[in-house]
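# Chains, contacts and geometry: an overview
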Amino acid sequence: MPSHRRSRLLAPLVLIPLLSSCFSSGGDGDSGEGAGEGSRLRVALAFPPAENLSPYGADATLLSRLGVTEGLTSLDANGSAAPALAESWRRDGDRAWEFSLRDATFQDGTDVTPAVVADSLARATDAEPGPAALAGVTLAAKGSGERVLRITTDQPDPVLPLRLSSPSLAILAKDAYAESGRVDPVGHATGPFELTKVNGATSASLDRFDDYWGGRAQASGIDARFIADGTARANALRTGELDIAEAVPVAQAASLDKESRRDTATTRSTSLLLNASSGTFKDAGLRAAARAGLDTSVFAKDVYEGYGDPGAGVYGPAVTWAEGKRSDPVGRADAKKPAGETIKLATYDNRPELPEVAQVVKQQLEKAGFKAELTVREYSRLEGDALDGKFDAFVLARNTLLDTGDPVAVLASDYTCDGGYNIAQLCDKGVDHAVADAEKTADTAKRQDAAMAAEARILGSDAVVPLVHQRIITGVADSVQGVILDPYERTLVGTGTRR
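Anyway, here's the lowdown on the structure attached to this text. (Residues numbered from 1 in each chain as written. Predicted model: local features only at pLDDT ≥ 70, side-chain atom pairs only at ≥ 80, totals over all residues. Heavy atoms only, no water.)

## What about the state of the cysteines?
As enumerated under the stated definition, the model contains 1 disulfide in all. Disulfide pairing is shown between C417 and C427; the S-S distance is 2.0 Å. Because the torsion about its S-S bond is 100°, the bridge between C417 and C427 counts as right-handed. Remark: C427 occurs in the loop between α10 (407-415) and α11 (429-439) and C417 occurs in the loop between α10 and α11; sequence separation between them is 10 residues. Classification of C417 by relative accessible area gives buried; the value is 17%. (Disulfide = S-S within 2.5 Å. Helix = DSSP H or I, 4+ residues; strand = E, 2+ residues; numbered from the N terminus. Buried < 20%, exposed > 50% of the residue type's maximum accessible area, 1.4 Å probe, protein only.)

So, in C-alpha cells, the structure goes:
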C-alpha cells in the first residue's frame, strides 16, 4: 500500500512556448516579422480548473498549455532538459547545481532574479500537498551572483534539470504568493500569454505579454473555454466557434475534416493494473492467466479506431529510445487455470474511451475463466479506493513522462513498495532494487538502460498489462498555424501560433 499519496487528477493534455521548434505544429510555427496585432485565438480545453489554478497540481498543465507559465528548463523532442528561464546549468559535485538565468521579466513588470526564483522553488517545496515532481526530493535554492541560482539536494539527484521542467515547478513573481498560502498566477508568470480574467470553471481570457523574453507572440491573445464534453468541443470546432480543440474523442474524429484533425503519439499509455497484494491477483499465476487471456491488439485497432499503438511496455513509441532497449519480461510466473474467481474491475469516464476499454477487458477476462464486476465513476471518486487497493483490477491512462520527464520517476511512483501512486499494490524486492539502481544512474543512456531493465522486471510481475499507447487528436481550424503538437502533453500554443 502506498506510504504517501497525493491527488493527481489525470490531466488530459499537458511547457514552454520555446518548444514550438522542437515538436511538430499545425503549420508554419515561425514568429516572423509583420505579425501586427494578430487575431485572438479561440481555444477549448477538456478539463476545467480544479484547484483554483494552483501550479502544484493538475491545473499546472492548463497554465503551461496556454503559454502562461514556464520553469527553469523545458523538454526537447528527445526528452532531454532544454533551456527555458535558465540559459544553461552545470553540476557542482554530487548534490549541487548552478543555473545561469536569462534576462527575463515577469508579467507584473518585476525582474526574474535568483532571489525571486529561489523563493518560488521554496514555496513549491513547502506546498501541501507538494508537486509530484518533488516526490522523495528535498532541495534548497539560493542566489549565487547576479544571474546564478545554486540548488542543492539532500541526496544526489542526477536528473534535477529534467525535474525542474515540470509544469508544477513554474516560476512565479513574488506577489503571486499570498500569506494564506494561495498561489495566484494571474499576471505573475513569465510566458508569452498573460491571464487577465478567469471565469470560474467556464472560461478564461489571456492577452499577449509583449515583454516576453522569447519574442512577441503573433496572436494578440487567447479566449479559452473549458468544455468537458468531447462531442461539444468537436462540434464547436466544426461550426467555426473555435480555432483549436484539444483531446477530440476518437468517436468524433471522423466528424472533422481530415485537414482539421492532427493526431500525435504521446507518452500516455492505457494499462490494466492488477492488485498484486490482496484478492484474486495476489496470486502471480492468476495474474499471468489474466495477462495471457487478453488480446491487446484490439484496443488500438477497434476501441481507438487506429488512433493508438498496441501496448508494448510501460513506455510507448513516443518515448523514441525505448523500443531499441526493451528486453523480455523477467521472472514471469506460469499461468494458472482460473476457477471462476470474481474480480472487481474499475475505471473512470473522464476519458471517454476508458469505459469501452474496460468493457472489452471484462469480456476477455470472463472468456479466460474469471467473473468480473465493472465499476465506472468520475476519476476523483475512484482515486482513493484505487490507492487503497479496493479493486482487483483497474484500467488507467497514465502519462509516463508528465511529472518530471524522467523515465525512472513513473516506475518509482507506480510500481515500488513505497510508491505514492502504486494502484497495482506491487511490492517486489527485485523491482525495488532495479528501480533504485536506475535512480542512482546519472549518464542519460545508462539511465535509460537501467529504466528498461526495471521495466522488464515490472512487466514480469504481471501487475501491469499494457493495453494501448494513445495518440491524442487535436482539432485545428484550417486558418490556424503553429499549434504545438507535444508528445509530453505540456504545450499547445506558443509565440508562433496564429490565425
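Back to the text.
## A short note on α11
Those residues of α11 that sit buried are V431, A434, V435 and A438. Burial along α11 is one-sided: seen end-on, the buried residues are contained in an arc of 95°. Those residues of α11 that are exposed and aimed more than 90 degrees away from the buried face are K429 and H433. Its buried side turned inward, α11 meets α10 and α12 (444-460). (Arc of directions from axis to C-beta. Contact = heavy atoms within 4.5 Å.)

## Observations regarding the nonpolar core
In terms of nonpolar packing, the biggest core is built from 141 residues, with L72, L272, V361 and L411 touching the most fellow members. Each residue touching V361, except ones within four places of it in the same chain, is listed here: L272, L294, F299, L345, V395 and L467. (Core = buried A, V, L, I, M, F, W, Y, C linked by side-chain atoms within 4.5 Å.)

## Digging into unusual backbone geometry
You will see that N52, though not glycine, has its phi angle at about 55°, which is positive. The backbone of L53 sits at a positive phi, close to 60°, despite the residue not being glycine. Mapped onto the elements, L53 comes out in the loop between β1 (40-45) and α1 (59-65). For L53, a relative accessible area of 8% puts it in the buried group.

## Looking at the layout of surface pockets
Volume-wise, the largest pocket comes out at about 770 Å³. Along the walls of the largest pocket sit 39 residues, with A135, G136, R163, A412 and E439 positioned nearest its centre. Of all the secondary structure elements, the ones that give two or more residues to the lining of the largest pocket are β16 (393-399), α10 and α11. The element that contributes the greatest number of residues to the lining of the largest pocket is α10, accounting for 5 residues. (1 Å grid on protein atoms, 1.4 Å probe; cavity = no way out; pocket = protein on both sides within 12 Å on 5 of 7 lines; lining within 4 Å. Points joined across faces, edges and corners; volume = space filled by probe spheres on them.)

## Considerations on the packing of aromatic side chains
Evaluated as defined, the whole model comprises 7 aromatic pairs. Here F281 and F370 contribute two aromatic rings whose centre-to-centre distance is 5.5 Å and whose plane-to-plane angle is 55°, an arrangement assigned as tilted. Of this pair, F281 sits in the loop between β12 (261-274) and α6 (284-292) while F370 sits in the loop between α8 (353-368) and β15 (371-377); the two residues are 89 residues apart in sequence, bridging distant segments of the chain. The class of F281 is buried, set by a relative accessible area of 0%. One aromatic cluster is present, built from ring pairs that chain together Y348, Y379, F391 and F394. Between R102 and the ring centre of W213, over which it is positioned, the NZ or CZ distance is 3.9 Å. (Phe/Tyr/Trp six-rings, centres within 6.5 Å; stacked < 30°, edge-to-face > 60°. Lys NZ or Arg CZ within 6 Å of the ring centre and 35° of its normal.)

## Observations concerning the pairing of strand β14 (residues 342-348)
Successive side chains on a regular strand alternate, one facing one side of the sheet and the next facing the other. Where burial is concerned, most of β14 is hidden: 5 out of the 7 residues are buried. Of the strand pairs in this sheet, β14 and β15 are connected by 7 bridges, and their pairing is parallel. Within the sheet, the bridge partner assigned to T342 lies in β15 and is K371. This β-α-β element, β14 to α8 to β15, shows right-handed connectivity. Here β14 pairs with β16 via 2 bridges, running parallel. Following the sheet pairing, A346 is matched in β16 by F394. (Pairing = 2+ DSSP bridges. Right-handed = clockwise from strand over helix to strand, strands pointing away.)

## Quick notes on the pairing of strand β4 (residues 86-91)
By the bridge criterion, 5 bridges tie β4 to strand β5 (residues 96-101) in an arrangement that is antiparallel. In the sheet register, A86 faces β5, and the bridge partner there is L101. Where β4 hands over to β5, the hairpin turn is made up of 4 residues, of which G93 adopts a positive phi near 80°.

## Focus: empty space enclosed by the protein
The computed volume of the largest cavity comes to approximately 90 Å³. Every residue along the wall of the largest cavity is listed here: S269, S271, L273, V314, L396, R398, T400, V410, D414 and Y415. Residue assignment for the lining of the largest cavity shows that the elements contributing at least two residues are β12, β16 and α10. Across the lining of the largest cavity, the residue classes break down as 5 nonpolar, 3 polar and 2 charged. The volume enclosed by the second largest cavity comes to roughly 70 Å³. Surrounding the second largest cavity, 11 residues form its lining, R65, I472, T474, L485 and D486 being those nearest its centre. Looking at the lining of the second largest cavity residue by residue, the class counts come to 5 nonpolar, 3 polar and 3 charged. (Nonpolar A, V, L, I, M, F, W, Y, C, P; charged D, E, K, R; others polar.)

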